[in-house]
Amino acid sequence: MIAIIEKKKNGQVLSKDEIKEAVMGYVEGSIPDYQMSALLMAIVLKGMNEQEIVDLTDIMIHSGDMLDLSAIAGTKVDKHSTGGIGDKTTLAVLPLVASCGVKCAKMSGRGLGITGGTIDKLESIPGFQTKLTFSDFVNEVNQIGMALTSQTGNLCPADKKIYALRDVTGTTESIPLIASSIMSKKIASGADKIVIDVKVGSGALMKTLEDAKNLAHTMIQIGKKYQKEVICLLTDMEQPLGYAIGNRLEVEEAIKFLKGEEVSKDFYELVLTIATYMVHLGQSIPMEEAKEQVLENLKNGQGYQKFLEFVHAQHGTLYQKERISHKNICATSTGYIRQIHADQLGSIVKELGGGRERVEDQIDYEVGVVLNKKVGDFVQLGEVLMTVYENQKTIDEQRYLNCFEISLEEVETRPIIYEVIG
Ligand code: URA
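Reading the values: rules and limits
- The residue count restarts for each chain, going from 1 along the sequence in the order it is written.
- Local features in a predicted model are, by the rule used here, given only for residues with pLDDT of at least 70; side-chain atom pairs are given and counted only at 80 or more, and totals for whole chains, interfaces and linings are based on all residues.
- In computing side-chain values, all of the structure's heavy atoms are included and hydrogens and water are not.
- Boundaries between domains were set according to an automatic or database domain assignment.
- Between two residues, a contact is recorded if the distance between any of their heavy atoms is within 4.5 Å.
- By buried area we mean the combined loss of accessible area, with a 1.4 Å probe, across both parts when two parts are placed together.
- By definition here, a salt bridge exists when the distance from a side-chain nitrogen of Lys or Arg to a carboxyl oxygen of Asp or Glu is within 4 Å.
- To sort residues, take the accessible area from a 1.4 Å probe on protein chains only and compare it with the maximum for the residue type: under 20% means buried, over 50% means exposed, and anything in between is partly exposed.
- By definition, any uninterrupted DSSP run of H or I lasting at least four residues is a helix, any uninterrupted run of E lasting at least two residues is a strand, and each is numbered from the N terminus.
- This arc describes the spread of directions from the helix axis toward the C-beta atoms.
- Aromatic rings from Phe, Tyr and Trp, with only the six-membered ring used for Trp, were paired whenever their centres fell within 6.5 Å, and each pair was classed as stacked if the ring planes differed by under 30 degrees, edge-to-face if by over 60, and tilted otherwise.
- In this scheme, the term charge over a ring applies when either NZ of a lysine or CZ of an arginine sits within 6 Å of the ring centre and within 35 degrees of the ring normal.
- Patches here: salt-bridge-free residues with over 30% relative accessible area, like charges joined within 9 Å, nonpolar side chains (Val, Leu, Ile, Met, Phe, Trp, Tyr) joined within 5 Å.
- The Shrake-Rupley method, run with a 1.4 Å probe, gives the accessible areas here. Residue values count only the displayed protein chains as cover.
- For the purpose of counting charges, residues Lys and Arg are taken to be positive, whereas Asp and Glu are taken to be negative. His and the chain ends are not included.
- A charged residue contributes its charge at one atom only: NZ of Lys, CZ of Arg, CG of Asp or CD of Glu.
- We call a set of buried residues a nonpolar core when its members are Ala, Val, Leu, Ile, Met, Phe, Trp, Tyr or Cys and they connect through side-chain atoms within 4.5 Å of each other.
- At least two bridges found by DSSP between two strands is the condition for calling them paired.
- Note on geometry: axes are lines fitted to C-alpha atoms, helical ones only across the stretch in contact, with angles between N-to-C directions running from 0 to 180 degrees.
- What makes a residue near a molecule or strand is one non-hydrogen atom of that residue sitting within 4 Å of it.
- What qualifies as a polar contact is a pair of N or O atoms within 3.5 Å, subject to a donor-acceptor requirement within protein and to the restriction that residues adjacent in sequence count only when both atoms come from side chains.
- Ten residues, namely Ala, Val, Leu, Ile, Met, Phe, Trp, Tyr, Cys and Pro, are considered nonpolar, four, namely Asp, Glu, Lys and Arg, are considered charged, and the remaining ones, Gly among them, are considered polar.

**Observations concerning the domain arrangement of the protein**
Interfaces are often described in size by the accessible area the parts lose on coming together.
Right, so step 1: Segmentation of the protein into domains returns domain 1 (2-47), domain 2 (77-313) and domain 3 (326-407).
Right, so step 2: Each of domain 2 and domain 3 was reduced to a C-alpha centroid, and the two centroids are 24 Å apart.
Right, so step 3: Domain 2 puts 25 residues into the contact, and the matching count from domain 3 is 23 residues.
Right, so step 4: Of the roughly 1,900 Å² buried where domain 2 meets domain 3, counting both sides, 55% is carbon and sulfur surface.
Right, so step 5: For the pair domain 2 and domain 3, the number of links is 3 salt bridges.
Right, so step 6: A salt bridge links D266 to K374; the nearest nitrogen and oxygen atoms lie 2.7 Å apart.

Written as structure tokens, this is what we have:
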């Protein structure tokens, strides 16, 4: 292992056997955390070539089981996000896509770092079951067209173990490590076609468009080796997505969207675009036709009906819960919103109890913030910038205010989707 670490430290190319020795040794316990950490850091600093990334992905895929979804007829389309603040897209996209007749068998994760996870969001619905057996997972997709579960079976144990180590060793922001982590899970979980939302900005793992493009191309190349069609959307994460951040608040925002109520422009556009790509891939129909179907099923409420069926199938009960205490944070000056720091808001919501400091921590599903303004909006002195929902812990008002930058000049807004690759 020392020779392998040194080889990578010197910027040399690792063979598949060497990568396998390191990864499988780590999974099996013969290689300790400190040696794996050193290798991961060398990979972060020196990178990997395309062959090494493909080899690493292949080893991670075969470190555990691969799901066989052949009992589900038709094309299975999956989606994945590299993670962002307020990203509740899956909750709105999947029912909409399933209502258009495209099968969605999706595995999701829990929150990590300052970003939330779909499984935690769903668990804010009382009674909701997120741990399905493989046969229940397949049956649900066959019955209602969709299912969402936390990891089932022994899927990519190498990624599970390495990801946890990366989280605590400053080695998350690496294109080879992110690409192999995402693609190994997507390939092992059996979907035919995959749409990946690659987030770019201060609240995302990829801080620049150039890095995000690089990551997208790498994942598309890996997909090709396994005959999986991959489409990557590069999307903005300079400000939180939508208005809500916090588990239950985000579920409520997704429901609002599905009910056809007004939501923020960025969230609306992103959900519709991802859903359209998934229907386009799933049915092999032109984009225009796919978009028509998606819009129609949003308008006629079929997407919302599918969401209700899905919640019912996984034993959840939707009801209006009484709100915990909340307070408004108001602007201390007049002007245009220039920045809403997604990363800072993500950290605050995590601190309030909306995320975990340690794996064993209990999440407080009720806490979070709901923005009243987005970048580019005009705000008057004293007007509400956001409402915050606090429970066990309170945070100084100034820290909330620091998340906003207000300028006197008008602000040009960024698009939510920068580019589509694949
Ligand atoms: N999501 C993943 O699954 N893995 C990464 O490395 C980053 C985001």
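**So, helix 7 (residues 134-144)**
Right, so step 1: Among the residues making up helix 7, those that are buried are F137, V138, E140, V141 and I144. Buried positions in helix 7, seen along its axis, are confined to an arc of 160° and lie on one side of it.
Right, so step 2: Of the surrounding elements, those touching the buried residues of helix 7 are strand 2 (104-107), strand 3 (146-149) and helix 14 (302-313).
Right, so step 3: Phi for G145, located one or two positions after helix 7, is positive at around 95°.

**Section: the packing of aromatic side chains**
Right, so step 1: Across all of its chains, the model carries 5 aromatic pairs by this definition.
Right, so step 2: Put simply, the rings of F128, F307 and F310 pair up and form one aromatic cluster.
Right, so step 3: Across from the ring centre of F267, 5.3 Å away, lies the NZ or CZ of K88, which sits over that ring.
Right, so step 4: If you follow K185 out to its NZ or CZ, it ends over the ring of Y163, 5.6 Å from the centre.

**Things to note about a negative patch on the surface**
Right, so step 1: A contiguous patch of negative charge, built from E288, E289, E292 and E296, is present on the exposed surface.
Right, so step 2: Relative to the helices and strands, E289 resides in helix 13 (residues 287-299).
Right, so step 3: Residue classification places E289 among the partly exposed positions, given a relative accessible area of 41%.

**Here's the deal with the nonpolar core**
Right, so step 1: Counting residues in each nonpolar core, the largest one holds 79 residues, and the members touching the most others are F257, M278, F310, M386 and Y400.
Right, so step 2: Among the elements that make up this core, the one with the highest residue count is helix 12 (residues 265-283) (10 residues).
Right, so step 3: Counting only domains with at least three residues in this core, you end up with domain 2 (77-313) and domain 3 (326-407).
Right, so step 4: Apart from residues lying up to four places away in sequence, M386 is in contact with K327, N328, I329, L345, V369, V370, L371, N372, Y400 and F404.
Right, so step 5: Grouped together as the second largest cluster of nonpolar side chains are 61 residues, A22, L69, A216 and I222 included.

**Considerations on the pairing of strand 11 (residues 384-389)**
Remember that side chains alternate between the two faces of the sheet whenever the strand is regular.
Right, so step 1: The element strand 11 is largely enclosed, with a buried count of 5 among its 6 residues.
Right, so step 2: With 4 bridges connecting them, strand 9 (residues 368-371) and strand 11 associate as antiparallel partners. In the sheet register, L371 faces strand 11, and the bridge partner there is M386.

**Here we look at the sheet that holds strand 13 (residues 417-421)**
Right, so step 1: Read across the sheet, 4 strands follow the order 1-4-5-13 without closing on themselves; strand pairing throughout is mixed. The open sheet has two free edges, formed respectively by strand 1 (77-81) and strand 13, since each of these has just one partner strand. Across the sheet, the axes of successive neighbouring strands diverge by a mean angle of 15°, strand direction being ignored.
Right, so step 2: Taken together, the 8 bridges between strand 4 (residues 193-200) and strand 5 (residues 229-236) define a ladder with parallel strand orientation. Each bridged residue has a counterpart across the sheet, and for K193 the counterpart in strand 5 is E229.
Right, so step 3: Here helix 10 (residues 209-225) sits on the sheet in contact with strand 4, strand 5 and strand 13, set at roughly 165° to strand 5.

**Some thoughts on the environment of V349**
Right, so step 1: Relative to the elements of secondary structure, V349 occurs in helix 15 (residues 342-354).
Right, so step 2: With near-sequence residues (within four places) excluded, V349 lies in contact with I245, G246, G354, G355, V367, G368 and V369.

**Description of the site of the ligand**
Right, so step 1: In the region of the ligand, the neighbouring residues are H80, T82, Y163, R166, I178, S181, I182, K185 and L205.
Right, so step 2: Between the ligand and R166, the relevant distance is 3.0 Å, taken from an oxygen atom to a side-chain nitrogen or oxygen of the residue.
Right, so step 3: Here K185 contributes a side-chain N or O atom positioned 2.5 Å from an oxygen atom of the ligand.
Right, so step 4: Put simply, the parts of the chain that give the shell around the ligand at least two residues each are helix 8 (157-167) and helix 9 (175-188).
Right, so step 5: Here the shell around the ligand gets 4 residues from one element, more than from any other, and that element is helix 9.
Right, so step 6: When the residues that make up the shell around the ligand are grouped by side-chain class, the tally is 4 nonpolar, 3 polar and 2 charged.

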